[in-house]
Amino acid sequence: MKNNFEKWMREFKRTHNGSDELGMALLILSLALNLVSVAFGIPIVMAIIQALSFLSFAGSIFRFFSKNKSARVAENYKFTHIKETVSQYIKDQKYYLKESKTHKFYSCPTCGTVCRVPKGKGKIKIKCPNCGNSFVKKT
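First, a word on scope: everything that follows refers to the structure included in this document.

What counts and how
- Residues numbered from 1 in each chain as written.
- Predicted model: local features only at pLDDT ≥ 70, side-chain atom pairs only at ≥ 80, totals over all residues.
- Heavy atoms only, no water.
- Helix = DSSP H or I, 4+ residues; strand = E, 2+ residues; numbered from the N terminus.
- Rg over C-alpha atoms; globule rule 2.2 N^0.38 Å.
- Buried < 20%, exposed > 50% of the residue type's maximum accessible area, 1.4 Å probe, protein only.
- Contact = heavy atoms within 4.5 Å.
- Areas by Shrake-Rupley, 256 points an atom, 1.4 Å probe, with all protein chains shown as cover.
- Lys, Arg positive; Asp, Glu negative; His and termini not counted.
- Charge placed at Lys NZ, Arg CZ, Asp CG, Glu CD.
- Expected span 1.5 Å × (residues − 1).
- Patch = residues over 30% accessible without salt bridge, like charges linked within 9 Å, V, L, I, M, F, W, Y side chains within 5 Å.
- Salt bridge = Lys/Arg side-chain N within 4 Å of Asp/Glu carboxyl O.
- Core = buried A, V, L, I, M, F, W, Y, C linked by side-chain atoms within 4.5 Å.
- Pairing = 2+ DSSP bridges.
- Phe/Tyr/Trp six-rings, centres within 6.5 Å; stacked < 30°, edge-to-face > 60°.
- Polar contact = N/O pair within 3.5 Å; in protein donor to acceptor, adjacent residues only side chain to side chain.

### Comments concerning the overall build of the protein chain
Within the protein chain, the secondary structure is distributed over four helices and four strands. Ordered by position from the N terminus, the helices and strands of the protein chain form the series α-α-α-α-β-β-β-β. In terms of C-alpha radius of gyration, the protein chain reaches 25 Å, well past the compact-globule figure of 14 Å for 139 residues. Projected onto the principal axes, the alpha-carbon positions of the protein chain cover approximately 75 × 45 × 25 Å. The proportion of buried residues among the 139 residues of the protein chain is 21%. Considering only contacts in the protein chain between residues 6 or more positions apart, those separated by 24 or more positions represent 39%. Element-wise, carbon and sulfur atoms account for 65% of the exposed surface of the protein chain, whose accessible area totals about 10400 Å². Averaged over its 24 positive side-chain charges, the protein chain has a centre that lies 12 Å from the centre of its 8 negative ones.

Set out below in structure tokens:
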């Protein structure tokens, strides 16, 4: 009996997608939408949020049991790429905000590299560390 179950589980894992980051995100979104729907007292708004929650949950279940692994892996790759891009953008904005009291940031007109220079120095010549291009800006 135990051997048959183990064989079935191995076959299931081999042929089905299982859980991944996008599936977990859809599941968490579904739970969050359920919690938000409880906060609203308006029935039509609750119904719309519940429907979105159900669709998110259904998407998560669909991804888990899907046998088309290549398509699910591609979708998960796109999701993680977008998530990392947004995460890096937020991290950069926090850094710029923290440093904005003492420094200014300029993009190199040639290559687009962000250069950090101290504030209050007047007009200065900035040399890009990436491409070596020089440009003048007021700090």
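### Considerations on helix α3 (residues 43–65)
In a regular helix each residue adds 1.5 Å, so 23 residues correspond to 33 Å; α3 covers 33 Å between its end C-alpha atoms and thus fits that length. Residues of α3 that are buried include every one of Ile 49, Ser 53, Ser 56, Ser 60 and Arg 63, and no others. Those residues of α3 that are buried are in contact with α2 (21–39) and α4 (69–99).

### Focus on a nonpolar patch on the surface
On the surface, Ile 42, Ile 44, Ile 48, Leu 52, Phe 54 and Leu 55 cluster together to form a nonpolar patch covering roughly 640 Å² of accessible area. Looking at the element boundaries, Ile 48 is found in helix α3. For Ile 48, a relative accessible area of 48% puts it in the partly exposed group.

### A few points about the nonpolar core
Ranked by size, the top nonpolar core spans seven residues in total: Tyr 106, Cys 108, Cys 115, Val 117, Ile 126, Cys 128 and Phe 135. Among residues more than four places away in sequence, those in contact with Cys 108 are Thr 113, Cys 128, Cys 131, Asn 133 and Phe 135.

### A closer look at the pairing of strand β3 (residues 123–127)
Bridging between β3 and strand β4 (residues 134–138) involves five bridges; their strand directions are antiparallel. Residue pairing for β4: Lys 127 is matched across the bridge by Ser 134. Linking two consecutive strands that pair antiparallel, namely β3 and β4, is a turn of six residues; a positive phi of about 85 degrees is found at Gly 132 within it.

### Quick look at α4
Turn by turn, an α-helix covers 3.6 residues, leaving residues three or four places apart pointing in a common direction. Over its 31 residues, α4 runs 44 Å from end to end, which matches the ideal 45 Å to within 8%, given 1.5 Å per residue. Turning to α4, its buried residues are Arg 72, Asn 76, Thr 80 and Glu 99.

### Structural notes on the packing of aromatic side chains
Inspection of every chain in the model, using the stated rule, returns eight aromatic pairs. Each ring, one from Trp 8 and one from Phe 12, has its centre 5.5 Å from the other, and the planes form 25 degrees; the classification is stacked. Here Trp 8 and its partner Phe 12 are both found in helix α1 (residues 2–15), four residues apart, which amounts to about one turn of the helix. Take Phe 12: its relative accessible area is 15%, and that puts it in the buried class. Among the aromatic residues, those joined into a ring-pair cluster are Phe 5, Trp 8, Phe 12, Phe 64 and Phe 65.

### So, the side chain of Arg 63
Relative to the elements of secondary structure, Arg 63 occurs in helix α3. Arg 63 sits in the buried class, given a relative accessible area of 3%. A distance of 2.4 Å separates polar atoms of two side chains, one belonging to Arg 63 and the other to Asp 20. Side chain to side chain, Arg 63 and Glu 75 meet in a polar contact 2.4 Å long. If sequence neighbours within four positions are ignored, Arg 63 has contacts with Asn 17, Gly 18, Asp 20, Leu 22, Gly 23, Leu 26, Arg 72, Glu 75 and Asn 76.

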